[in-house]
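# Overview (structure and organization)
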Amino acid sequence: MRIASFVGQKGGVGKSTLARVLAVAAARQEYKVLIGDFDLEQLSCVEWSASRLRNNIEPEIEARAFKSLKKLLKTVVDYDLIVVDTRGLADELTQDISQESDVVFLPTSTSMDDLRPTLALARRLAKTKTVSNKIVIVLSKTGRSDRLLEQAEATIAEAGFDMLNAVWPERDGFQADLDVGKAGSEATNPYLKQAAVEVESAMLTLALGRKG
Ligand SMILES: Nc1ncnc2c1ncn2[C@@H]1O[C@H](COP(=O)(O)OP(=O)(O)O)[C@@H](O)[C@H]1O
Ligand SMILES: [Mg+2]
């Protein structure tokens, strides 16, 4: 069983969204996937999973609320992949989850306001040897400026962290899809679909530990 987690210092950067995008990618390839939703205030993934059921969107994606990682590890068996969504704060749970994960995604926008705390968290997590090689920064909700994108990429590279080799662009259509229980490549718009496929496959490769 593999564990891929989404952590961060801030809210609104796309953790819950990318968790759902990854879960869709895995489920569509017939992996048995569960989203562990640790954001008990928002329960974005649990609510989304319910909208998905209500709207008859296949494949069904299970999402369950958890308060502790221990509980998750004890109760959850027989899955290929657990996608862990967390709150927008970096606490002890973030540390524990990161240690148990096979890959730790840190989504951030290109703004320094988001990059700074994201890289600070990445540095803190990287102090633990077993976590440092699992950290992957994801440029999320990116705008249309190539210059801002390149600057952000340079900042991340300079800090010495790995970056997902696809970005998650900000588009109204993605938000509309989430609201009806879809995510990522389930977009009907072909441009959005293509952008989502790239992010999905980049994340899935890392989540499943496949080469290339
Ligand atoms: N690529 C995108 N384009 C447009 N809106 C997005 C995109 N990704 C996420 N959102 C929206 O941004 C908001 C915050 O995303 P969310 O995944 O909930 O962030 P977090 O879990 O980090 O707080 C949500 O309203 C979501 O619908
Ligand atoms: Mg969230």
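Description of the structure in this document. (Residues numbered from 1 in each chain as written. Chains lettered and ligands numbered in written order. Predicted model: local features only at pLDDT ≥ 70, side-chain atom pairs only at ≥ 80, totals over all residues. Heavy atoms only, no water.)

## Description of the packing of helix α5 (residues 112–126) against helix α7 (residues 146–159)
Our working rule: Angles run from 0 to 180 degrees between N-to-C directions of axes, and those axes are lines fitted to C-alpha atoms, restricted for helices to the stretch in contact. Helix and strand definitions follow DSSP, with helices as H or I runs of at least four residues and strands as E runs of at least two, each counted in order from the N terminus. Any angle that falls under 35 degrees is termed roughly parallel, while one over 145 is termed roughly antiparallel, one within 65 to 115 roughly perpendicular, and all others oblique. The handedness criterion is simple: a crossing whose near helix is rotated anticlockwise from the far helix by less than a right angle is left-handed, and one whose near helix is rotated clockwise is right-handed. Pairs of residues are marked as contacts when any of their non-hydrogen atoms sit within 4.5 Å. Amino acids are sorted into nonpolar (Ala, Val, Leu, Ile, Met, Phe, Trp, Tyr, Cys and Pro), charged (Asp, Glu, Lys and Arg) and polar (every other residue, Gly among them).
Two elements in contact, α5 and α7, have axes whose closest approach is 11 Å; the angle formed by their N-to-C orientations is 20 degrees. In terms of orientation, α5 and α7 fall into the roughly parallel class. Every pair of crossing elements has a handedness; the one defined by α5 and α7 is right-handed. Residues M112, L115, L119 and R123 of α5 form the contact with α7, whose participating residues are A152, T155, I156 and A159. Residue classes in the contact of α5 with α7 are distributed as six nonpolar, one polar and one charged.

## Topic: the side chain of T205
Counted only if it meets this: A 3.5 Å cut-off defines polar contacts: any pair of N or O atoms within that distance qualifies, except that in protein one atom must be a possible hydrogen donor and the other a possible acceptor, and neighbouring residues in sequence count only when both atoms are side-chain atoms.
Secondary-structure assignment places T205 in helix α9 (residues 190–208). A distance of 2.7 Å separates a polar side-chain atom of T205 from the backbone oxygen of S201.

## Notes on the packing of aromatic side chains
Two aromatic rings are characterised by how far apart their centres lie and by the angle between their planes. Worth spelling out the cut-off: Ring pairs are drawn from Phe, Tyr and Trp, using the six-membered ring of Trp, whenever the two centres fall within 6.5 Å, and their geometry is named by plane angle: stacked under 30 degrees, edge-to-face over 60, tilted for the rest. Accessible area is worked out with a 1.4 Å probe on protein chains only. A residue is then buried under 20% of its type maximum, exposed over 50%, and partly exposed in between. In this scheme, the term charge over a ring applies when either NZ of a lysine or CZ of an arginine sits within 6 Å of the ring centre and within 35 degrees of the ring normal.
For the structure shown, the criterion picks out three aromatic pairs. Aromatic side chains F6 and F105 sit 5.0 Å apart centroid to centroid with 25 degrees between the ring planes, which places their arrangement in the stacked category. Taken together, the residues F6 in strand β1 (residues 2–6) and F105 in strand β5 (residues 103–108) connect sequence positions 99 residues apart. When its relative accessible area of 0% is taken as the criterion, F105 is described as buried. Note that K32 overlies the ring of Y79, its terminal NZ or CZ placed 3.9 Å from the centroid.

By themselves these figures say nothing about function.
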